[in-house]
Amino acid sequence: MYINPILPGFNPDPSIIRVGNDFFLVTSSFEYFPGAPIYHSTDLIQWNLIGHALTRPSQLQIQTPEPGGGVWATTLRYHDGVFYILAASFQRYRPQEDDRVWPRGFYVKTRNIWDSSSWSDPVYFDQVGFDQDLFWDDDGTVYLSSTYRKLHRTPGANLKDFAVHIVTVDLETGASTSEPKLIRESTSGVAEGSHIFKRGKYYYLFTAEGGTESGHCEWVSRSTTGPFGPWEIGPNNPLWRNGVDDEVQNTGHADLVEDAQGQWWAVLLGVRPVRKDGQWEESVFGRETFLAPVNWENDWPIVNGGQKIPLHSESPHLYELSVPVTWRDDFSDSELQLGWYRKNTPVVRDYSLTERPGHLRLYGGPYNLSVPACPTLFLRKQTHRFCTWETRLSFHPRNQACEAGAVVWCTYFTYSSIGICRANDGQRVVRLRSPGGEIVDFGLQNSQSDVRLVIECGDRYRFGFQEIREDESNEEPIRWIGEAENRSMTAAPPVGVAFTGMMVGLYAFGERQRCLDPADFHYALWR
């Protein structure tokens, strides 16, 4: 028995490899920085974040994208002692108007996957698109597959016409060395997420089809000739199908790996909606990483016995693991712990861990949280439904333009925050902002007190605060001042798509000016 998802929280589009006894896995990061989170495991069940491939502005520039922009569907591959991560970054993504700029794909590489600083600067491909995949054939030829809109649209049909194309490439330069060829399109209008493998005499092409929503599924084709095809469609497509009434939905975008014992596995994305008031409530986690066994019959893959992907899976090879909720950062090191993210690529350093040792000091930048630029905002992924986020804040702003606090974050259109600022009458207050933008202030009794900010997560988000006296005696109980329904926190943005999951974190800002008064966070914790 093992529990899905194996990577809870915002971890979509997984790609996996094995090197010796070590498994490495990367997921999409979209508009967040650092990009391309890398996880490690020795048993496919217990995973640890070990770093990121895109950690420098020279590697990744994400500035003011719509929700759903940024880095899509990274692929991780290993060849001749070198690790490669492929990606593409959307700087413009407005599907409501069918307005998107197809990005150039790129790769970064390293010989030491454990050292985030060792990843190279990008090598860009000639080929545009997303969901890039590399395949090395036995003769040394390197193939790049990617997804973009086919040149000749389907007549008389209202389809996206996203299809998988392939070229050969000079890996040193990224230059295409052949004309692109369309190798897979779908009657659904979307074929994407291509991964090519060779097993025995067959080449296999795995594709995600139907889009990443309720029609999502996985298909396979095979060829005896090579990656250019022709391709034979599998007899049991889709390989499985979770529906809109299942506990796990929207499954697909699979990548495969063989363990040291010869057992094959698929990692894939899925979502966990919650049944509430007779209907499904969208998952606050977004798309997460799931695991399923793969067997082979007549040289065709059978994923999870052809059955739906469940939350609890039977397997004699694996074991059940409950990921703990508890986590804490006391800001006692010279660098932030792994797992903190910025929205967009920061252009200045607006924080310090040394000016006041044992604190995260933020100097709020000139953008509030509703601006699509990079605010002074530090986020962590929510990985459990029922949990509590807590921090202690010292913040004494001298003007009404500055604010600092804690936030539940979906997009710059949809978030809810609780922070300290100055009201119009000069009083220091706790300010609660709802997902709809409504603001309510609550006066603080002491002009110099620290404030503990608490966010309870569960069937809704509940916000509270507690004033802390200088001697920390006679603490008042937590004062709960507001709630935000999960449905309101997962509302679709008016532009772009919320491809990510809920994040919770810390922020500071000045309205169109730098906040000269530092916001000092004593700690941050999950419990």
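Given the structure is predicted, the values throughout are model-derived calculations rather than measurements.

## Regarding the nonpolar core
Core analysis: the biggest nonpolar cluster contains 44 residues, and Trp 389, Ile 418, Ile 455, Tyr 461 and Phe 465 have the highest contact counts within it. If near-sequence neighbours (up to four positions away) are discounted, Ile 418 is found in contact with Gly 405, Ala 406, Val 430, Arg 431, Leu 432, Leu 453, Ile 455, Phe 463, Gly 464, Phe 465, Ile 481 and Tyr 507. Grouped together as the second largest cluster of nonpolar side chains are 22 residues, Phe 30, Tyr 93, Tyr 341 and Met 503 included.

## Some points on the sheet that holds strand β3 (residues 22-26)
Spatial ordering of the open sheet is given by β2-β3-β5-β6, a layout of four strands whose pairing is antiparallel. If you trace the sheet from one side to the other, it starts and ends with β2 (15-19) and β6 (48-54), each paired once. Taken pair by pair, the neighbouring strands of this sheet meet at an average axis angle of 25°, ignoring direction.

## Quick notes on the pattern of salt bridges
Counted according to the given criterion, the structure contains 36 salt bridges. The partner of Lys 276 in a salt bridge is Glu 485, and the shortest N-O contact between them spans 3.9 Å. Here Glu 485 lies in strand β41 (residues 479-485) and Lys 276 lies in strand β24 (residues 274-276), a separation of 209 residues in the sequence. Relative accessible area serves as the criterion here: at 18%, Lys 276 is assigned to the buried category. Two residues, Arg 452 and Glu 390, come together in a salt bridge whose shortest N-O distance is 3.3 Å. Taken together, the residues span a long stretch of sequence, with Arg 452 in strand β39 (residues 450-457) and Glu 390 in strand β34 (residues 387-394) at a distance of 62 residues. Here the two residues Arg 452 and Glu 390 agree in accessibility, since each one is buried.

## Considering the domain arrangement of the chain
As assigned here, the chain comprises domain 1 (11-264) and domain 2 (327-526). Each of domain 1 and domain 2 was reduced to a C-alpha centroid, and the two centroids are 35 Å apart. At the interface, 28 residues of domain 1 touch 27 residues of domain 2. Note on domain 1 versus domain 2: buried area summed over both sides is about 2200 Å², and carbon and sulfur give 62% of it. When the buried surface of domain 1 facing domain 2 is broken down by residue, Tyr 32, Phe 33 and Pro 67 rank first, second and third, together holding 32% of it. Summed over the shared surface of domain 1 and domain 2, the number is zero salt bridges.

## Considering the UniProt feature "active site" (unreviewed entry) in the chain
Per the UniProt record, "active site" (unreviewed entry) is found at Asp 13 and Glu 192. Annotated residues spanning 180 residues; largest pairwise C-alpha distance 11.0 Å, indicating a single compact cluster. Position of Asp 13 among the secondary structure elements: in the loop between β1 (2-3) and β2. Contacts of Asp 13, omitting those with residues within four sequence positions, involve Val 26, Thr 27, Ser 28, Phe 30, Ala 73, Thr 74, His 253, Leu 269 and Arg 287. At 2.6 Å, the side chain of Asp 13 and the side chain of Ser 28 are in polar contact. By the secondary structure assignment, Glu 192 is in strand β18 (residues 191-199).

## Observations regarding the side chain of Asn 242
Residue placement: Asn 242 occurs in the loop between β21 (232-233) and β22 (249-258). Look at Asn 242 and you get buried, because its relative accessible area is 1%. There is a polar contact of 2.8 Å between the side chain of Asn 242 and the backbone oxygen of Val 248. Here Ile 309 takes part through its backbone nitrogen, which lies 2.9 Å from a polar atom of the side chain of Asn 242. With near-sequence residues (within four places) excluded, Asn 242 lies in contact with Val 248, Gln 249, Thr 251, Lys 308 and Ile 309.

## Some points on the pairing of strand β20 (residues 217-223)
Across the seven residues of β20, six count as buried, placing the element largely inside the fold. Relative to β20, strand β19 (residues 202-209) runs antiparallel, the two being bridged by seven bridges. By the bridge assignment, Leu 205 is partnered in β20 with Ser 221. Where β20 and β21 come together, two bridges link them in antiparallel fashion. Across the sheet, the residue bridging to Arg 222 is Glu 232, located in β21.

## Regarding the sheet that holds strand β11 (residues 104-110)
An order of β7-β8-β11-β12 is seen for the four strands of this open sheet, with the pairing classed as antiparallel. Pairing within the sheet leaves two strands with one partner each, and these edge strands are β7 (70-79) and β12 (123-128). For this sheet, the mean inter-axis angle between neighbouring strands, taken without regard to orientation, is 25°.

Each value, and the rule that gives it
Residues numbered from 1 in each chain as written. Predicted model: local features only at pLDDT ≥ 70, side-chain atom pairs only at ≥ 80, totals over all residues. Heavy atoms only, no water. Core = buried A, V, L, I, M, F, W, Y, C linked by side-chain atoms within 4.5 Å. Buried < 20%, exposed > 50% of the residue type's maximum accessible area, 1.4 Å probe, protein only. Contact = heavy atoms within 4.5 Å. Pairing = 2+ DSSP bridges. Helix = DSSP H or I, 4+ residues; strand = E, 2+ residues; numbered from the N terminus. Axes fitted to C-alpha atoms, helices over the stretch in contact; angles between N-to-C directions. Salt bridge = Lys/Arg side-chain N within 4 Å of Asp/Glu carboxyl O. Domains from an automatic or database assignment. Buried area = accessible area lost by both parts, 1.4 Å probe. UniProt positions renumbered as here; feature names shortened; annotations may be inferred. Polar contact = N/O pair within 3.5 Å; in protein donor to acceptor, adjacent residues only side chain to side chain.

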